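Structure assessment
Here is what each chain is made of, one letter per residue.
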Amino acid sequence: MTRSRLGLPDLGVGAGLRVPHYRDILQRQPAVDFFEVISENFMLAGGKPRYHLEQIAERYPLVQHGVSLGIGSPEEPAREYLTALRDLADRIKSPWVSDHFCWCRAGGTELHDLLPLPYTPEAIERVVTRAKRIQDFLGRPLALENTSSYLTYRESSMPEWEFISEVAERADIGLMFDVNNVYVSAYNHDFDPYEFVRNVPHERIVQIHLAGHTNLGRYLLDTHSGPALDIVLDLYRETIELAGPVSTLIEWDEDIPPLEELLAEVERARAVRDGALAARARRSALGLDASAVPARPERYRIVREQDTRRASPGWKQGGPREGVAHEERS
Ligand SMILES: [Fe+2]
């Protein structure tokens, strides 16, 4: 039996650390439970980024999230990269290190993108072998994140949730569960996001990501812009009811708002999380386990916005629900 969250702590609700907020955070020390830092921004020793990071590390717990591991790439991650990753984790005492289920390099070229993997037994073998080795090398739990995606492979022989679950179980690693990514991919590939949420190993979820996305009509783009949609928070509530108290983080990378607005989003997530934990406690008091969380397939069926002409010109924030509201107003 897997220990819940691999024995890792619940850090509460936090936010991604971004440059425009450094000064405000250091001056005001807002009530945020933890911050997540992008590993690659701080891997060079010394300099201003490390100086600010160390100031913030004195006041808040930090966790480390990377975007360049490319664990499923044809080529292995470079040893120097892994060494720098480990050095940073030691320095900021990151309880776990996360990256993505993806590939991002081939033929000696870095593609600087989180490209989806084919969901095949061969890809599982490759990722499991590397994940075990990298986790050992880092000396702390590795968690991999489900990505948002815009393409699928003919070769895939299983759904994404089966792929990530098998890798996590066989490599004995954690899951970084991005609820917005589940929703974006469900919309783009027309699957039920609740089936995804219900069928991953909940005890392996060590952290959750929440973010906003952009509706381009025929598909959703994972822009990390704006607040999370209500429909994504509904999925988050379900995840917490099933998984229990998991560290949760707001990612906001485009049109970064003033700190106040980011903090409001942290509190919005906290309210949903508290409600889900209360529901979970009530079920537990009645002697019911997590499988008693009610299935909600009809309420959350995805309604694809078919009319792409209405979605253009330009991007707009939101998913189908906002699309429908927009159409009702017009
Ligand atoms: Fe994420």
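Note that this is a predicted model, so its numbers are computed, not measured.

Focus on the packing of helix α4 (residues 121-138) against helix α5 (residues 160-171)
Remark: α4 packs on α5, axes separated minimally by 9 Å, with the N-to-C direction vectors making an angle of 40°. If you check the angle between α4 and α5, you find them oblique. Regarding α4 and α5, the two cross each other, and that crossing is right-handed. Counting all contacts with α4, which are made through I124, V127, V128, A131 and K132, the residues of α5 involved are F163, E166, V167, R170 and A171.

Brief notes about the confidence of the model for the chain
For the chain, the average pLDDT comes to 89, and 88% of its residues sit at 70 or higher. Within the model, pLDDT remains below 50 along residues 306-330, and this stretch shows 37 contacts once partners closer than five positions in the same chain are excluded.

Describing unusual backbone geometry
We note that H112 has phi near 50°; this positive angle belongs to a residue other than glycine. Position of H112 relative to the elements: it lies in strand β6 (residues 109-115).

Some details on the sheet that holds strand β12 (residues 247-251)
Around the barrel, eight strands lie side by side as β1-β2-β3-β4-β7-β8-β9-β12; this closed barrel has parallel pairing. Along the sheet, successive strands turn relative to each other by an average axial angle of 30°, direction set aside. Pairing geometry for strand β2 (residues 35-38) and strand β3 (residues 62-65), over four bridges, is parallel. Residue pairing for β3: E36 is matched across the bridge by V63.

Notes on the environment of V293
Following the sequence through the fold, V293 ends up in the loop between α9 (259-285) and α10 (308-311). Note: C-alpha distance between V293 and E238 (55 residues apart in sequence) is 7.8 Å. Every residue in contact with V293, bar those within four places of it in the chain, is listed here: E238, E241 and L242.

Reading the values: rules and limits
- Residue positions within a chain follow its written sequence, with the count starting from 1.
- Since the coordinates come from a predicted model, pLDDT governs what is reported: local features require at least 70, and pairs of side-chain atoms require 80 or more to be given and counted, while whole-chain, interface and lining totals use all residues.
- As a rule, the C-alpha atoms of each element are fitted with a line to give its axis, helices using only the stretch in contact, and angles between N-to-C directions run from 0 to 180 degrees.
- Strands here are runs of E lasting at least two residues and helices are runs of H or I lasting at least four, both read from the DSSP assignment and numbered beginning at the N terminus.
- Angular relationships are summarised with four words: roughly parallel below 35 degrees, roughly antiparallel beyond 145, roughly perpendicular across 65 to 115, and oblique for the angles in between.
- The handedness criterion is simple: a crossing whose near helix is rotated anticlockwise from the far helix by less than a right angle is left-handed, and one whose near helix is rotated clockwise is right-handed.
- Contacts are defined on C-beta atoms placed from the backbone: any two residues whose C-beta positions lie within 7 Å are in contact.
- pLDDT is a per-residue confidence score from the predictor, ranging from 0 to 100.
- Strand pairing is assigned whenever DSSP detects at least two bridges linking the two strands.

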